[in-house]
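# Chain and residue survey
What follows is each chain in one-letter form.
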Amino acid sequence: MLRFALLRLRSLLLALFVASLVIFAMIELVPGDPASFMLGINAREDTINALREELGLNLPVWQRYTSWVGGMLTGDFGTSYTYRTPVTEILIERLWVSLPLAIYALTLTILIAFPAGIYAASKRGSLTDLTVMGATQLGVAVPNFWFAMLAVLVFAISLRWFPSGGFPGWDAGLYPALRALTLPAIALALPQASILTRIMRSSLLDTLSEDYIRTARAKGLTRGQALRRHALRNALVPVLTIIGLQFSFLLAGAIIIENVFFLPGLGRLVFQAISQRDLIVVESVVMLLVFAVILVNFLVELTYGFVDPQLRRGR
Amino acid sequence: MRNLIIGLSLTAVFVAAALISFLWTPFDVTKFDIPNKLQAPGGAHIFGTDQFGRDIFSMIMVGARTSIAVAVVAVGIGMALGVPLGLAAAARRNTWADELIMRGNDLVFAFPSLVIAIMMTAVFGASALNAIIAIGIFNIPVFARLTRSAALSLWQRDYVMSARVAGKGPVLISVEHILPNITNLLIVQGTIQFSLGILAEAALSYIGLGAQPPLPSWGRMLAESQTLISLAPHLALFPGFAIVLTVLGLNLAGDGLRDLLDPKLREVRT
């Protein structure tokens with residue numbers, strides 16, 4: 001197990017290293033140089049030079065790279081050019097919206113997908129199964145931002161159950177904050193729940209055809225009892241992997257939904273930073289998101305190796 | 001079979017709409033007709049008009065062109081690069097080349113695709129072409145992985161053995177014996193990636209980083225309808241339906257094709 005963990009850790013570090021190189025290179029590829037890109041075409045030469053100095057663009061490339069990475073390792077993500085505040089501060093502030101939103105959406109995903117998937121699998125081929133499967137087809141076909149727009153029209157503008165956008169902050173109390181996050185969380189959860197329902201169902205159907213289920217049935221257990229006592233636990237392994245992937249996806253994938261609802265999260269921060277050409281923020285947030293995704297994948301693989309000893313050997 | 005027929009019919013409708021739009025649309029989508037702005041569906045404009053009096057139906061026809069073109073080329077990039085990489089990894093299995101290709105794949109998978117696509121279009125400029133490249137890059141590992149895993153099992157087959165004994169090299173075997181046997185699989189995956197490409201293009205255009213005006217696009221039509229949604233909901237409804245029906249059609253066609261081409265394949269899909 002330790003060998004497995006160390007091997008995974010090695011590829012985690014390697015992935016992070018390459019990812020940082022890619023992101024750094026992409027910023028380097030900006031037309032002109034970052035300073036003139038950030039200031040636009042009408043900037044004066046001395047302003048550009050001042051910013052160049054501030055960003056350390058006069059230093060050699062490798063030195064800039066090491067100071068960027070070194071800064072991030074010590075929690076210093078640089079200073080935002082537009083906000084004039086340390087990027088770390090902004091990141092923490094935004095994380096307080098994005099993280100709860102991702103957790104909220106993932107909770108909804110699980111609450112929808114588990115019952116729906118289990119029920120569809122236990123009643124395979126029935127009308128309910130067909131309805132659930134049809135609904136999941138629709139769920140993956142609907143663009144979540146379109147669903148969000150329609151939800152705002154119905155539940156915020158017409159019925160006034162939820163605010164149509166914005167975030168009051170956690171200081172305003174738990175209820176108003178959660179209320180503001182509800183429609184975005186539903187919009188994010190819908191396609192994910194559809195995917196997870198299908199995985200849950202097919203994974204259960206897989207285990208239900210195993211020999212040990214037949215043995216359990218032969219012992220006199222009903223199909224439902226066999227499902228609950230034996231099949232469910234074994235079916236959960238692939239489901240958990242997908243949940244892990246979905247969590248990192250929700251964290252990074254909320255970029256458009258955060259824009260629809262004007263939520264001050266990481267996604268909206270990246271988007272705004274891009275339109276304001278604040279490359280320091282872009283670089284840091286993208287690296288943070290990539291780090292989160294790679295870390296979650298690593299944890300999922302570790303858990304997987306823990307649950308299933310066969311996986312510890314080989315790839 | 002039923003899935004396949006419904007799926008292919010839906011897809012055919014939108015492909016036909018895109019093709020016909022080159023020759024004819026009910027109204028000119030580049031001309032403003034302010035006196036007839038924001039008309040409700042019905043009458044001469046069956047889907048109504050937008051805030052500039054443009055015919056929504058015609059715009060959806062032309063928008064189909066953008067969506068389909070972007071998605072098709074993006075899938076093409078994924079296949080053109082991913083399949084050879086997958087074949088090479090399988091032919092050189094368990095060597096450093098295989099390891100390098102597969103680790104590279106893992107890396108691309110680890111990147112939050114939308115964030116990177118947004119970053120790319122921001123750095124290199126927002127355009128349909130950059131959207132295609134951004135979506136296409138993330139298709140490469142999908143096809144590489146699929147090709148490798150399918151090819152690996154084929155390399156164990158007797159007919160590949162005999163080809164090797166006959167003196168054929170790995171390139172020739174990959175092209176002549178492996179590739180034809182994984183085509184079905186690639187077509188099915190291609191359909192799925194096609195539908196994902198349509199969704200990705202819509203999302204990028206929605207936030208203004210995909211197709212630029214005057215090129216009509218479903219995603220941008222939705223973005224433009226947002227401020228008018230309570231006044232004229234039809235502006236948001238029709239482009240949305242177009243996306244949903246196209247994606248649904250492609251997914252159903254993909255499922256149907258998989259059942260038709262290889263009944264042994266599982267009905268699992270992520």
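Residues numbered from 1 in each chain as written. Chains lettered and ligands numbered in written order. Predicted model: local features only at pLDDT ≥ 70, side-chain atom pairs only at ≥ 80, totals over all residues.

### Looking at the overall build of chain B
The helix and strand tally for chain B stands at 9 helices and 0 strands. For chain B, the N- to C-terminal ordering of α and β elements is α-α-α-α-α-α-α-α-α. For chain B, the C-alpha atoms occupy an extent of roughly 75 × 45 × 30 Å along the three principal directions. Considering only intrachain contacts with a sequence separation of at least 6, the fraction spanning at least 24 residues in chain B is 72%. (Helix = DSSP H or I, 4+ residues; strand = E, 2+ residues; numbered from the N terminus. Contact = placed C-beta atoms within 7 Å.)

### Some details on the overall build of chain A
Scanning chain A from terminus to terminus reveals 13 helices and 0 strands. Of the regular secondary structure in chain A, the N- to C-terminal order runs α-α-α-α-α-α-α-α-α-α-α-α-α. Its C-alpha atoms put chain A at 85 × 60 × 35 Å along the principal axes. When each of the 315 residues of chain A is scored for burial, the buried share is 37%. Excluding contacts between residues fewer than 6 apart, the proportion of contacts in chain A whose partners are at least 24 apart in sequence is 69%. (Buried ≥ 20, exposed ≤ 12 C-beta atoms within 10 Å, placed from the backbone.)

### Observations concerning unusual backbone geometry
Here the phi dihedral of A:Phe262 falls at roughly 50 degrees; this positive angle occurs in a residue that is not glycine. Along the chain, the position of A:Phe262 falls in the loop between α11 (255–260) and α12 (266–275). C-beta crowding within 10 Å serves as the criterion here: with 14 such atoms nearby, A:Phe262 is assigned to the partly exposed category. Here the phi dihedral of B:Asn94 falls at roughly 60 degrees; this positive angle occurs in a residue that is not glycine. Its place among the elements puts B:Asn94 in the loop between α2 (56–91) and α3 (96–110).

### Observations regarding the packing of α2(B) against helix α5 (residues 128–155) of chain B
Residues and elements named next belong to chain B. Running from N to C, α2 and α5 point in directions that differ by 35 degrees, and their axes come no closer than 5 Å. Both α2 and α5 take part in a crossing whose hand is right-handed. Grouping the amino acids of the contact of α2 with α5 by side-chain chemistry returns 25 nonpolar, 7 polar and 2 charged. (Axes fitted to C-alpha atoms, helices over the stretch in contact; angles between N-to-C directions. Left-handed = near helix turned anticlockwise from the far one by under 90°. Nonpolar A, V, L, I, M, F, W, Y, C, P; charged D, E, K, R; others polar.)

### Some details on the nonpolar core
Membership of the largest hydrophobic core comes to 165 residues, with the highest contact counts inside it found for A:Ala148, A:Val270, A:Val285, A:Leu289 and B:Ile118. Among the domains, domain 1 (2–73) and domain 2 (90–312) of chain A are the pair contributing at least three residues each to this core. (Core = buried A, V, L, I, M, F, W, Y, C linked by C-beta atoms within 7 Å. Domains from an automatic or database assignment.)

### Overview of the domain arrangement of chain A
Residue and element names in this part refer to chain A. When cut into domains, chain A gives domain 1 (2–73) and domain 2 (90–312). Averaged C-alpha coordinates put domain 1 and domain 2 at centres separated by 32 Å. Among the secondary structure elements, those contributing two or more residues to the side of domain 1 that touches domain 2 are α1 (2–28) and α2 (34–39). Looking at the side of domain 1 that touches domain 2, the element that brings in the most residues is α1, giving 10 residues. Split by residue class, the side of domain 1 that touches domain 2 holds 13 nonpolar, 1 polar and 1 charged.

### Here's the deal with the confidence of the model for chain B
All names here are of chain B. With 97% of its residues at a pLDDT of 70 or more, chain B shows a mean pLDDT of 85. Taken together, the stretch residues 266–270 has pLDDT below 50 and engages in 6 contacts with residues farther than four places along the chain or on a different chain. Complex prediction metrics read pTM 0.86 and ipTM 0.86. (pLDDT = per-residue confidence, 0-100.)

### Thoughts on the packing of helix α5 (residues 87–122) of chain A against helix α8 (residues 174–208) of chain A
Packed helix pairs are characterised by how far apart their axes lie and by the angle those axes make with each other. Relative to each other, α5(A) and α8(A) sit at 35 degrees, their axes nearing to 6 Å. Note on packing geometry: the crossing formed by α5(A) with α8(A) is right-handed.

### Re the interface of chain A and chain B
Listed per partner, the contact involves 38 residues of chain A and 33 residues of chain B. For the side of chain A that touches chain B, the elements supplying multiple residues, two or more each, are α1, α6 (127–141), α7 (144–158), α8, α10 (223–253), α11, α12 and α13 (279–307) of chain A. The element best represented in the side of chain A that touches chain B is α13(A), accounting for 7 residues. Counted by class, the side of chain A that touches chain B contains 32 nonpolar, 5 polar and 1 charged residues.

### With respect to α6(A)
Side chains of residues three or four places apart in an α-helix project in the same direction, reflecting 3.6 residues per turn. The first and last C-alpha atoms of α6(A) sit 21 Å apart over 15 residues, in line with the 21 Å expected at 1.5 Å per residue. Looking at the buried positions of α6(A), the neighbouring elements they touch are α5 and α8 of chain A together with α9 (234–261) of chain B. (Expected span 1.5 Å × (residues − 1).)

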